[in-house]
Structures are given as C-alpha cells and as structure tokens.
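Structural description and commentary
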Amino acid sequence: MATGTFESVAPATGEVLGSFPRSSAADVDGAVAKAKAAFEDWRLVPAPERGNILFRFAELLRAHKDELADLMTREMGKVKAEAGGDVQEAIDMSYYMGGEGRRLFGHTTPSELRDKFMMSVRMPVGVVGAITPWNFPIAIPSWKLTPALVCGNTVVLKPAEDTPLLADRFVQLLEEAGVPDGVVNVVHGYGEEAGDALVRHPDVPVITFTGSRETGIAVTKAAADLLKHVHLELGGKNAIIVMDDADVDLAVNGIVWSAFGTSGQRCTAASRVIVHRSVYHDLQTKLVAAAERLKLGPGWEDETDVGPLINRAALDKVHSYTEIGKDEGAKLLTGGEAAANEGDGGGGFYYRPTVFGDAQPGMRIAQEEIFGPTTALIPVDSFEEAVAAANSVRYGLSSSIFTRDVNRAFRAMRDLQSGITYVNAGTTGAEVHLPFGGTKETGNGHREAGQAALDVFTEWKSIYVDYSGKLQRAQIDNQERPAAR
Ligand code: NAD
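As the structure is a prediction and not an experimental result, all values here were calculated from the model. (Residues numbered from 1 in each chain as written. Predicted model: local features only at pLDDT ≥ 70, side-chain atom pairs only at ≥ 80, totals over all residues. Heavy atoms only, no water.)

Once that is clear, we can look at the environment of T146. Tracing the backbone through its elements, the reader meets T146 in helix α5 (residues 139–150). Residue class for T146 comes out buried when judged on its relative accessible area of 0%. Residues T146 and R408, 262 residues apart in the sequence, show an inter-C-alpha distance of 38 Å. Leaving out residues up to four positions away in the same chain, T146 has contacts with L54, F57, M93, S94, M97 and P141. Only 2.7 Å separates the side chain of T146 from the backbone oxygen of S142, close enough to count as a polar contact. (Helix = DSSP H or I, 4+ residues; strand = E, 2+ residues; numbered from the N terminus. Buried < 20%, exposed > 50% of the residue type's maximum accessible area, 1.4 Å probe, protein only. Contact = heavy atoms within 4.5 Å. Polar contact = N/O pair within 3.5 Å; in protein donor to acceptor, adjacent residues only side chain to side chain.)

Moving on to the sheet that holds strand β4 (residues 116–124). Overall, antiparallel pairing links the 3 strands, which are arranged β3-β4-β21 in an open sheet. The open sheet has two edge strands, β3 (107–110) and β21 (458–466), and neither has a second partner. Taken over all neighbouring pairs, the strand axes of this sheet differ in orientation by 20° on average, direction set aside. Sheet topology note: the β4/β21 ladder contains 9 bridges and is antiparallel. For M123, the partnering residue across the bridge sits in β21 and is E459. (Pairing = 2+ DSSP bridges. Axes fitted to C-alpha atoms, helices over the stretch in contact; angles between N-to-C directions.)

Core analysis: the biggest nonpolar cluster contains 92 residues, and L149, L174, V184, I241, I274 and I365 have the highest contact counts within it. Among residues more than four places away in sequence, those in contact with V184 are L145, L149, V155, V171, L174, E175 and V179. Counting residues in hydrophobic clusters, the runner-up holds 28 residues, among them V252, I255, V279 and A339. (Core = buried A, V, L, I, M, F, W, Y, C linked by side-chain atoms within 4.5 Å.)

Bringing the side chain of S400 into the picture now. For S400, the position within the fold is in strand β18 (residues 398–402). From its side chain, S400 meets the backbone oxygen of A425 in a polar contact 2.7 Å long. Leave out the neighbours within four places in its chain, and S400 touches A239, I240, I241, Y422, A425, G426 and T427.

Phi at K440 takes a positive value of approximately 50°, unusual for a residue other than glycine. Looking at the element boundaries, K440 is found in strand β20 (residues 439–440).

In regular strands, side chains alternate between the two faces of the sheet. Where strand β1 (residues 5–9) and strand β2 (residues 16–21) come together, 5 bridges link them in antiparallel fashion. Within the sheet, the bridge partner assigned to V9 lies in β2 and is V16. Remark: 6 residues form the turn of the hairpin made by β1 and β2, two consecutive strands paired antiparallel; G14 in that turn has positive phi of roughly 85°.

Further remarks concern the site of the ligand. Near the ligand there are 28 residues, and of these K158, E161, T215, L234 and E369 occur at the shortest range. Here an oxygen atom of the ligand and a backbone polar atom of T132 are 2.8 Å apart. G191 is positioned such that a nitrogen or oxygen atom in its backbone is 3.3 Å from an oxygen atom of the ligand. Computed on the free molecule, the ligand has an accessible area of 850 Å², of which 89% lies beneath the protein chains in the complex. If you list the elements that add at least two residues to the shell around the ligand, you get α7 (191–200), β8 (206–210) and α8 (213–224). The dominant element in the shell around the ligand, judged by the number of residues it contributes, is α7, at 4 residues. A per-class count over the shell around the ligand returns 13 nonpolar, 9 polar and 6 charged. (Near = heavy atom within 4 Å. Areas by Shrake-Rupley, 256 points an atom, 1.4 Å probe, with all protein chains shown as cover. Nonpolar A, V, L, I, M, F, W, Y, C, P; charged D, E, K, R; others polar.)

So, about the side chain of Q284. Along the chain, Q284 turns up in helix α10 (residues 277–293). Those residues in contact with Q284 that lie beyond four places of it in its chain are L333 and L377.

Purely spatial values, then, with no claim about function.
Printed below as a string of structure tokens:
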C-alpha cells in the first residue's frame with residue numbers, strides 16, 4: 001500500500017493544489033497485475049475499434065482544452081498559449097494514432113518458393129511502463145499512451161511527481177472515452193520508488209521513458225537484467241546557428257521563443273546561439289533588448305510572457321549555472337537572478353531571462369543542460385566552425401540554422417548531428433506526424449511520434465503460409481532450378 005502522500009504545488013504561488021498517494025512497490029505490483037489481466041482482451045479488440053476510442057479521446061480533449069490548459073498554468077506553470085499548445089499536441093496525436101487503428105501496416109513480399117505466402121505483422125508487446133516528466137504534462141503522456149494503446153498494449157503510467165493532477169485528468173478522460181477498466185493504470189509518487197519498481201517489474205516488457213539523461217542511464221541499467229525494451233527520450237543542448245546572411249530580426253524572434261518559451265524548460269530549448277561574428281553585435285543588442293521586454297508572471301495572466309520554473313530545486317540549479325558561466329569568463333549580458341512575480345508581486349519560482357555573451361563552445365554553460373531561461377551566445381567566423389561548435393555536445397536533439405543561402409541550409413541539414421533540424425525557425429515546433437527524438441546521448445535510437453513510434457510498442461512477427469501441400473524447404477528446394485545465364 002502507498003507509503004504516505006505527497007503534494008502538488010503551484011510553481012507560480014507555492015499554493016498546494018492537492019495530495020496524492022506516494023505509491024510503493026506493492027502498488028506497482030497491483031497496477032501491473034490489472035494491466036496484465038486486461039491485456040488478454042484488449043489485444044483482441046480490433047485495432048480500428050481501439051482507434052475509435054482514441055478519436056473519442058481527442059474529442060474529449062478538445063472539449064476540455066481550456067480547462068486542461070488553465071490547470072496546466074497552475075500546476076506546471078507554463079503560460080496560457082503554450083498550455084493550450086501542449087493540450088493541442090495531445091489532440092493531434094490522439095487523432096493521428098486513432099487513424100493508425102486502420103493502418104498499422106505490415107508487409108507482404110513474394111516467397112522464393114511456389115504456392116507459399118509471406119507477411120510480417122505488428123504484434124502488441126504486453127504491459128507498457130510509461131514514465132513521464134512534468135514539462136509537457138499532457139502532450140508527453142499522449143505521445144506514449146496513444147500509440148501503445150492503438151497497438152493493443154495495456155499501460156501503467158508513472159507521471160512526474162510535479163504534475164499528478166494533470167496526469168489524473170488525462171487518464172480520467174481516456175476512461176471517459178471508453179478505454180476499458182485495467183487497460184490504463186496510474187501509479188503516483190517518486191522515481192526512485194514507484195518508477196524504479198515499474199522499471200524492474202518482470203511483467204512489464206517495455207519501458208518508455210522521457211526525462212533526464214542521468215535518470216535514463218539508471219533506467220537502462222535497472223531494465224538490463226530482464227533484457228527489456230527501453231525507449232529513451234532524454235535531454236538536449238540545442239543550438240541555433242545564425243549566419244552572416246540571416247534575417248537577424250527573424251532569428252531574434254526564433255531565439256526568444258526557443259530559449260525563453262516554457263521558461264527554457266523544454267528538451268528542445270535553445271540554450272546556445274552560435275553567431276557569425278559579422279552579425280554578432282546586431283544580434284546581441286536586439287536579443288538582450290527583447291529578453292528585457294519579457295514580462296514574468298503567473299501563466300494564467302494574459303500579459304505574462306514567461307512563467308515560473310517548476311520548483312525551488314530548479315531555481316537553484318538554474319542560478320548555479322549563472323555562477324558557473326560568470327566563473328568561466330562568459331559575459332552576463334542580462335538576467336542572471338531570481339525575480340519576484342511582476343504581476344501581483346507574489347512569490348513563486350521566477351528567474352529572469354538570461355543571456356551570456358562571448359561564450360566558448362567548451363564552457364559548461366555551453367555543454368550542459370540547464371533547463372531554464374538561459375542561453376549563451378558563441379561567436380564564430382565560418383559555417384564550418386558553427387557546425388563544429390553545434391556538434392560539440394553529447395546531446396543530439398534539435399538544431400537550427402538561420403540563413404538565406406540554400407546550399408548552406410542543405411549542408412546544415414546533412415551535417416548537424418541531431419534528430420531534428422529547423423531551417424529559418426527556432427529549435428522548437430515539432431509536429432506529431434514526423435518522428436521526434438534525438439541522436440547521441442539524447443536517446444537510444446528510438447523515436448516518438450509519427451509511424452516511428454509504432455516500433456516502440458510492437459514486435460514484428462513474420463508469418464509463412466505454405467499452400468503447396470508438400471514439404472518445401474527454403475534455401476534448398478529453390479536451388480534445384482538451373483542457374484540463370
Ligand atoms: P527526471 O529524469 O528527473 O524525471 C523524469 C521521470 O522519471 C519522473 O517521472 C521521475 O519521477 C522519474 N524517475 C526519476 N528517477 C527514476 C528512477 N530511478 N527510475 C524510474 N523513474 C525515475 O526528469 P524531469 O526533471 O522530470 O524532466 C526534465 C528532463 O526531461 C530534461 O532533461 C529534459 O530534456 C527531458 N525531456 C526530454 C524530452 C524528449 O523528448 N527528449 C521531452 C521532455 C523532457
């Protein structure tokens with residue numbers, strides 16, 4: 001049974017929004033047992049019918065979009081427009097994956113033998129353990145649960161301890177849409193307790209995890225003894241390159257949105273800006289001015305541009321990187337301090353949008369994920385130097401280049417080491433029907449979204465049907481024919 005409770009706290013005010021069970025390993029056992037039992041029927045429900053439930057879910061999300069977005073501004077802290085975007089992403093994903101119910105395409109191919117048929121089909125894997133972070137509290141559960149469900153798996157979800165209220169609403173709406181009892185189950189609580197128990201559970205063959213690189217490594221190790229399928233979506237240290245021929249005003253808009261949107265708490269946040277020296281001064285001046293115009297406040301207020309960080313620990317971490325940047329010799333151009341809510345003068349975990357200038361690619365502020373509204377300008381003298389700097393980090397999630405030169409744009413698309421590259425746009429803005437994920441230490445080769453997501457939640461089964469009425473041996477009986485000349 002749950003070993004106590006924990007509280008969900010509003011980052012804008014510190015107000016307690018609710019109390020939730022701190023699930024134990026025994027709670028995880030119970031949830032997995034329910035999911036395992038439900039799998040036996042759910043896997044046999046025709047996929048188009050499973051898809052229809054997801055269509056209904058999408059419609060319910062639409063109907064509750066304002067309510068969910070409002071709750072998100074309170075529980076997670078992002079501003080209203082972005083909270084609406086988070087919910088919209090889940091709506092789009094649910095429609096997309098609902099449609100997969102009538103696709104889930106396999107392959108057929110001719111046999112080398114006569115009177116023999118061959119195909120490969122996607123099979124569900126079983127109980128999926130889904131572990132999610134707090135920064136996209138509705139979108140990320142949808143990235144994991146909707147493909148898992150349409151493929152015929154059942155799920156145990158362990159949402160982030162900072163956003164349990166939103167996770168509960170998400171699952172309630174799934175149930176309202178018609179997901180049968182036991183198909184989706186939630187365990188709340190801490191990663192080292194409920195999360196770890198889920199990862200180690202012998203009846204959970206697939207773990208889909210989004211979170212930090214460090215936790216991803218712990219999850220991989222814990223799952224290794226049972227040779228589980230582990231799908232990881234981890235951190236980023238994303239760069240925007242601004243070339244000498246770029247539209248600098250457009251680039252500044254892209255940087256502001258990518259670096260300070262969601263208070264920099266996106267895996268795709270632009271925490272590095274690699275700038276050709278010939279436009280460096282112009283860009284720096286405009287970016288600092290734009291950063292200083294941003295208004296901090298609670299996400300639910302219309303005039304707020306930047307909301308709070310998720311909690312006190314995040315505020316302390318972000319500030320520690322300001323100190324690190326100064327010690328390393330980067331120039332603090334603006335920000336670099338905690339701030340009070342500028343709306344009603346109340347508390348909350350606010351941090352001023354922060355820009356460092358004259359950073360070097362090897363500095364810690366240019367190498368490590370900060371996960372806050374901090375970005376570092378790195379001057380360079382050439383396209384080649386810009387790409388080398390962009391690629392000099394362990395992560396490989398998103399990248400961007402602002403240029404009007406089509407040749408450079410195509411070289412960047414080829415040479416930037418990341419799972420996602422934007423041309424003349426910032427580092428954020430993925431759509432649900434292309435694969436989402438990163439190279440290098442951002443993940444382990446899997447992708448979320450698009451058709452690629454189906455590979456996480458299915459096993460391929462190859463099927464051979466021989467209708468010749470006699471024993472035909474592959475690789476042997478077909479070789480008796482004379483060789484072609
Ligand atoms: P986190 O790693 O601290 O936590 C993520 C989840 O893992 C939470 O639910 C947590 O309770 C759980 N967890 C923690 N320790 C665990 C353990 N030992 N075993 C099992 N589960 C455990 O990350 P966070 O602070 O919630 O999220 C921020 C991180 O997520 C950033 O690094 C960000 O880049 C990354 N992220 C990546 C993507 C992506 O798609 N690549 C998207 C969003 C966020």
